[in-house]
Every structure is written in C-alpha cells, then in structure tokens.
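# Architecture and fold: a report
Next come the chains, spelled out residue by residue.
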Amino acid sequence: MTAHLPQSLTARLDALPDGLRAHVERVRGIARELAMTHAIDPATADLTAAAHDVARHIPGRMLIEEAERLGIPVNAVERAAPILLHGPVGAAWLREDGAIDDPEVLEGVHWHTTAHPDLAPVGQVVFVADKLDPMKQKAYPFQPEVRAAANRNLHEGVLAFLDGALRTHVERRELIHPMSAETRNSLLIALSC
Ligand SMILES: [Fe+2]
Ligand SMILES: [Fe+2]
C-alpha cells in the first residue's frame, strides 16, 4: 500500500535530482515490503521512506547553516561530515511545512542515517530499507547479511548494518557518529536480555 503524499512533500520530491528520486522510489518499495513482513503499517513506512532524503542534495556548508537556522545542535562529527545532517534538516523542513505531524515519521526521517536507540519500528524499517537499495551494493557489500537479519527481526537488521558499517569506518579510519555507537550498544544489550 502506497501512502497518500502531502502536496508539500510531492513538491520537495519533484525538486530532487533524478538519481536521488529513483533511490527514494526504490527505498519506498523495500520499506513497504519489510513493513509487511513485520506487520507494520506499510503506508506509514512508505510515507517515511518517501520523505527520508528531502535534504540529501543540499551541499554540506548549507546543511550546517540550515541546522543552525533551525536550532539543530551540530556535534563535532557532523561539523566534519555535514552530510550526516541531511536527516535532521529534512525532518525539520517537513515539520516547518506542517503537512506531516506523526512523530514516528519525523523521527524516522531525522535518524535514518545514524539510527537512534529509541527508533520506532517504522523508523527501523526505513533505516534498513535505505541501506538495502541495490545501488548501494558496492558501498555495503554486507547487504545480504543485513537483509537476512532484517527479515528475521528488525533489531537484528539494524544491528547487522551498524556492525558492517562500523567495521568499514574503522578499516578506512572514518569517523563514527556517536548515535550509531549508542544504538549498537543499546541493541546488543536489548538482544542479550
Ligand atoms: Fe539519506
Ligand atoms: Fe536514502
């Protein structure tokens, strides 16, 4: 089931570059399918997926300026890698537009890059679906493990992605967002109980 998209969101999607719009469409399909596997409302997952990258095309310096204008705190990792701010900025734009007020949708958009320990199932679906885009196979060669884990259990799917991504970041000496580390710790503790 596809969601009815508010007009303000459709306008934002129309403004995205073609490649990004195609990515968003693929993520919507994966999110709806994953939502149905886990008995989560596919229309809410679809709406969150449709909205997740509305700020992905904004250059880094502008993302920092927008975050500051919108009162979003910017940490040292985000300042060094401003692309990490496209979720928070996108969610704030959608809140400003006033057409989406479901906190699970807005939080799903906000945290879709780093994850968050308190992410609702719909946000976990979109987090994982975004990473399972077949066009990201090169960036995430561990996609099959993420897919298998996510089909079993969403917590395990998020954890499988974070494990793979953090391993890659360490190998490449890249920064790790503190919220990704916090989410991984929280999932490991929850899954061991
Ligand atoms: Fe994104
Ligand atoms: Fe995305």
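In what follows, the accompanying structure is described.

Thresholds, definitions, all that
Residues numbered from 1 in each chain as written. Chains lettered and ligands numbered in written order. Predicted model: local features only at pLDDT ≥ 70, side-chain atom pairs only at ≥ 80, totals over all residues. Helix = DSSP H or I, 4+ residues; strand = E, 2+ residues; numbered from the N terminus. Rg over C-alpha atoms; globule rule 2.2 N^0.38 Å. Buried ≥ 20, exposed ≤ 12 C-beta atoms within 10 Å, placed from the backbone. Contact = placed C-beta atoms within 7 Å. Axes fitted to C-alpha atoms, helices over the stretch in contact; angles between N-to-C directions. Parallel < 35°, antiparallel > 145°, perpendicular 65-115°, else oblique. Left-handed = near helix turned anticlockwise from the far one by under 90°. Nonpolar A, V, L, I, M, F, W, Y, C, P; charged D, E, K, R; others polar. Core = buried A, V, L, I, M, F, W, Y, C linked by C-beta atoms within 7 Å.

### Regarding the overall build of the chain
Along the chain, the regular secondary structure elements total eleven helices and zero strands. Listed N to C, the secondary structure of the chain is α-α-α-α-α-α-α-α-α-α-α in terms of helices and strands. Here the chain has a C-alpha radius of gyration of 16 Å; the compact-globule value for 193 residues is 16 Å, and the two agree. In terms of overall dimensions, the chain has C-alpha extents of about 40 × 40 × 30 Å along its principal axes. Among the 193 residues that make up the chain, the fraction classed as buried is 40%. For the chain, the proportion of contacts with a sequence separation of at least 24, taken over those separated by at least 6, is 58%.

### Comments concerning the environment of Trp-111
One can find Trp-111 in the loop between helix H7 (103–110) and helix H8 (121–131). Put simply, Trp-111 and Ser-180 are 69 residues apart on the chain and 9.6 Å apart in space, counted from C-alpha to C-alpha. Not counting the four nearest positions on each side in its chain, Trp-111 is found in contact with Gly-87, His-116, Leu-119 and Gly-123.

### What about the packing of helix H2 (residues 18–37) against H8?
Interaxial distance between H2 and H8 falls to 8 Å at its minimum, and their mutual angle equals 130°. Compared by their axis directions, H2 and H8 come out oblique. Here the hand of the crossing between H2 and H8 comes out right-handed. Residue-level inspection shows Val-27, Ile-30, Ala-31, Leu-34 and Ala-35 of H2 in contact with H8, the latter providing Val-125, Val-126, Val-128, Ala-129 and Asp-130. Within the contact of H2 with H8, the residues separate by chemical class into nine nonpolar, no polar and one charged.

### Topic: the environment of His-52
Here His-52 shows up in the loop between helix H3 (42–51) and helix H4 (60–69). Accessibility expressed as a C-beta count within 10 Å gives 30 for His-52, which makes it buried. C-alpha separation for the pair His-52 and Val-128, spaced 76 residues apart in sequence, amounts to 12 Å. In contact with His-52, not counting residues within four places along its chain, are Val-27, Val-109, His-112, Val-126 and Asp-130.

### Looking at the nonpolar core
Ranked by internal contacts, the top residues of the largest apolar core, which has 47 residues, are Ala-31, Val-125, Val-128, Ala-129 and Val-158. Elements with a contribution of two residues or more to this core: H2, H3, H4, helix H6 (86–97), H7, H8, helix H9 (143–152) and helix H10 (154–171). The element contributing the most residues to this core is H10, with seven residues. When residues no more than four places from it in sequence are discounted, the contact partners of Val-158 are Ala-115, Gln-124, Phe-127, Val-128, Thr-183 and Leu-187.

### Here we look at the packing of H3 against H8
Relative to each other, H3 and H8 sit at 50°, their axes nearing to 9 Å. Classified by the angle between their axes, H3 and H8 sit oblique to one another. Relative to H8, H3 is oriented so that their crossing is right-handed. Across from Thr-44, Ala-45, Thr-48 and Ala-49 in H3, the residues of H8 making contact are Val-122, Gly-123, Val-125, Val-126 and Ala-129. Of the residues assigned to the contact of H3 with H8, the class counts are six nonpolar, three polar and no charged.

The values are spatial; any link to function lies outside them.
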